[in-house]
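Understanding the architecture of this molecule
Residues per chain, in single letters:
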Amino acid sequence: MTKELRAMADAMAAVVESAGQGVVQVNGRRRIPASGLVWSAEGVIVTANHVVRTEDVKVALPDGDRLNATLIGRDPAIDLAVLRIDRDGLAASPWAPEDELRVGAMVFALGRPGTTIQASLGILSALGENWRLHGGARISHYVRTDLVMYPGFSGGPTVDAAGRVVGLATSALSRDGGIALTRTTVEPAVEAILKHGSVRRGYLGVGVQTVQLPPALRSELGQETGVLFNSVTPDSPAERGGLVVGDILVNFNDKPIFSPDELAVVLRSDLTGEEANLRIVRGGDLQLVTVEVAMGGERTRQ
C-alpha cells in the first residue's frame, strides 16, 4: 500500500471513529438491535420509528454503558422516534449544511447494532426531490445514497467525509433503502415532539397544484411559480379566512411558496392555532389574507 493510500485509509477510519461517538445502540424490538443518533448533549436520542416496538427501550452508549430510555414521541409519517436517557455530556455530531451537499460526494453509513461502530462506504446519489409518501405525507428534504444498509443501521446517521451528519437513515420509507432524512426534515419534528410529545401538522383545507405566474408577477416577486388552490373545503380554515378556488399562494409568513412541497414544509411547523399571513394572487392582483391554521393529520389535502 502506497503512503498516499495508507493516509487516505487512516483518514477514513478516523472519520468513522470520531463520528461514531455520536452513534448509539437502540434496543426497542425483539430482533436485532438498531441504531440511534445523539441529538443533544443532554440525553436526547433520535432514531427510526419502526425500530421502537416495545415499552422497555434501552440505549447502549459507545463506552458500553446501557441505560433505560424514555420514548418522548413519534412521527410515524417520516419514520422518526425521539428518546431521552438520563445522561449529560453526550457527543452530539454536527450536521452538514444542506447547501453544501453535492451528488457524488463520499459518504458513510454508520450503525451500532453490536458493541462496536460499523460502517459502509458509498456516494451521495441524489438530493431530495418532491416525494409523496404513502398516506399523503410529503418529504422534500432527503438524500439518496448507494450505501449498503446492514441490519441494524436504521436510525443511525449518514455522514460526510468531514464526519458531519448528512441525514438520518431509514429503511422503512423505501424498499430500495439508501434514504436519509436531512436536518430540514428532522429538526422541526424533533422540536415539536420535545415540546408537545407529538408532531402537530397545520391544516388549511385546500387542494393545491403548482402553477406558472404571469411574467409581470414573476419579475415583481422573483419567483416563477406559485400554488393554485383548486379546491377549498367547506368550513375549513381556508374558507373561514376568505380563500377561494383560483387563488394562487405565493408567500406564507414571509416564506416564498413555489410548490405544494414548500407549503407542506411550512405546515409541518408548530403553527396550529396561530394566525398565518398568506400572500395570494387574485384576479391578477396581490392581496394579503390572514388565516388561522388548524391542527390536521397527514393527508393529501393541505
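In the block above lies the structure referred to throughout.
Throughout what follows, the structure given in this document is the object of discussion. (Residues numbered from 1 in each chain as written. Predicted model: local features only at pLDDT ≥ 70, side-chain atom pairs only at ≥ 80, totals over all residues. Heavy atoms only, no water.)

**Looking at the overall build of the protein chain**
To keep things clear, this is the line we draw: The numbering of helices and of strands both runs from the N terminus, where a helix is a DSSP run of H or I of at least 4 residues and a strand a run of E of at least 2. Radius of gyration: over C-alpha atoms. The globule rule applied is 2.2 Å multiplied by the number of residues raised to the 0.38 power. Between buried and exposed lies partly exposed: a residue is buried under 20% and exposed over 50% of the maximum accessible area for its type, with that area taken using a 1.4 Å probe on protein chains only. Two residues form a contact once any of their heavy atoms are found within 4.5 Å. A positive count includes Lys and Arg, and a negative count includes Asp and Glu. His and the chain ends are not counted in either. Every charge is mapped to an atom, namely NZ of Lys, CZ of Arg, CG of Asp or CD of Glu.
The secondary structure content of the protein chain amounts to five helices and 22 strands. Taking 2.2 N^0.38 as the reference for a compact globule, 302 residues should give roughly 19 Å; the C-alpha atoms of the protein chain span a radius of gyration of 21 Å, in line with that estimate. Overall, the protein chain is about 70 × 45 × 35 Å in size when its C-alpha atoms are taken along their principal axes. Sorting the 302 residues of the protein chain into buried and exposed places 50% on the buried side. For the protein chain, the proportion of contacts with a sequence separation of at least 24, taken over those separated by at least 6, is 62%. Mean positive and mean negative side-chain charge positions of the protein chain (30 and 35 charges, respectively) differ by 6 Å.

**Re the sheet that holds strand E8 (residues 118-127)**
Two pairing modes exist for strands in a sheet, parallel and antiparallel, and in both the strands are linked by backbone hydrogen bonds. Heads up, the condition is: Pairing between two strands is assigned when DSSP locates at least 2 bridges connecting them. The angle between two axes is taken between their N-to-C directions and runs from 0 to 180 degrees, where each axis is a line fitted to C-alpha atoms and a helix contributes only its stretch in contact.
Spatially, the six strands close up into a barrel ordered E7-E8-E11-E14-E13-E12, and their pairing is antiparallel. Between one strand axis and the next, the sheet turns through 45 degrees on average, direction left out of account. Note that strand E12 (residues 157-160) and strand E13 (residues 165-170) share three bridges and pair antiparallel. When the sheet's bridge partners are listed, Pro 157 is paired in E13 with Leu 168. Strands in contact with helix H1 (residues 3-19) are strand E7 (106-111), E8 and E12; relative to E7, the strand with the most contacts, it is inclined by about 45 degrees.

**Brief notes about the sheet that holds strand E2 (residues 34-40)**
Sheet architecture is closed into a barrel: six strands sit in the order E1-E2-E3-E6-E5-E4, paired in antiparallel fashion. The average angle at which neighbouring strand axes cross in this sheet is 40 degrees, direction not considered. In the sheet, E2 pairs with strand E3 (residues 44-47) via four bridges, with the strands oriented antiparallel. Across the sheet, the residue bridging to Gly 36 is Thr 47, located in E3.

**A word on the nonpolar core**
A general trend in soluble globular proteins is that nonpolar side chains are found buried together. The following threshold applies: Here, nonpolar core means buried Ala, Val, Leu, Ile, Met, Phe, Trp, Tyr and Cys residues that are tied together by side-chain atoms lying within 4.5 Å of each other.
The biggest cluster of nonpolar side chains holds 29 residues, and the ones touching the most others in it are Val 46, Leu 80, Leu 181 and Val 186. Secondary-structure elements contributing two or more residues to this core are H1, E2, E3, strand E6 (80-85), E7, E13, strand E14 (179-181) and helix H2 (183-196). Counting residues per element, this core draws most heavily on H2, at five residues. If near-sequence neighbours (up to four positions away) are discounted, Leu 181 is found in contact with Ile 78, Trp 95, Ile 139, His 141, Tyr 142, Val 166, Gly 167, Leu 168, Leu 173 and Val 186. Of all hydrophobic cores here, the second largest spans 21 residues; its members include Val 227, Leu 243, Leu 263 and Val 291.

**A word on the environment of Glu 17**
Tracing the chain through its elements places Glu 17 in helix H1. Taking relative accessible area as the criterion, Glu 17 reaches 55% and is therefore assigned exposed. Separated by 14 residues in sequence, Glu 17 and Arg 31 place their C-alpha atoms 26 Å apart.

**What about the pairing of strand E11 (residues 142-145)?**
Direction of pairing for E8 relative to E11: antiparallel, over a ladder of three bridges. Opposite Ala 126, over in E11, you have Arg 144 as the bridge partner. Two elements, E11 and E14, share three bridges in a ladder whose sense is antiparallel. Counterpart to Arg 144 in the pairing with E14 is Ile 179.

**Brief notes about the packing of aromatic side chains**
What counts here: Classification of ring pairs rests on two measures: the distance between centres of Phe, Tyr or Trp rings, Trp counted by its six-membered ring, which must be within 6.5 Å, and the angle between planes, read as stacked under 30 degrees, edge-to-face over 60 and tilted in between.
Summed over the entire model, instances satisfying the criterion amount to two aromatic pairs. Look at Trp 39 and Trp 95: their rings are 5.8 Å apart centre to centre, the planes differ by 70 degrees, and that puts the pair in the edge-to-face class. Within this pair, whereas Trp 39 is found in strand E2, its partner Trp 95 is found in the loop between E6 and E7, the two being separated by 56 residues in sequence. With relative accessibility at 13%, the residue Trp 95 sits in the buried group.

**What to know about the side chain of Asn 27**
Convention followed: Think of a polar contact as two N or O atoms within 3.5 Å of one another; within protein, one of them needs to be a possible hydrogen donor and the other a possible acceptor, and neighboring residues in sequence only count if both atoms come from side chains.
When you line up the elements, Asn 27 lands in strand E1 (residues 23-27). Of note is the side chain of Asn 27, whose polar atom sits 2.7 Å from the side chain of Gln 25. Residues within four places of Asn 27 in sequence aside, it is in contact with Pro 33, Asp 56, Val 57, Lys 58 and Arg 66.

**Comments concerning the pattern of salt bridges**
The criterion, for reference: Put simply, a salt bridge is a Lys or Arg side-chain nitrogen that is within 4 Å of an Asp or Glu carboxyl oxygen.
According to the stated counting rule, one finds nine salt bridges in the structure shown. Connected through shared salt-bridge partners, Asp 63, Asp 65 and Arg 87 make up one network.

**Some thoughts on unusual backbone geometry**
The phi torsion at Asp 235 lies on the positive side, around 60 degrees, for a residue other than glycine. Non-glycine residue Asn 253 carries a positive phi angle of around 50 degrees. With respect to the helices and strands, Asn 253 occurs in the loop between strand E18 (248-252) and strand E19 (255-256). Residue class for Asn 253 comes out partly exposed when judged on its relative accessible area of 30%.

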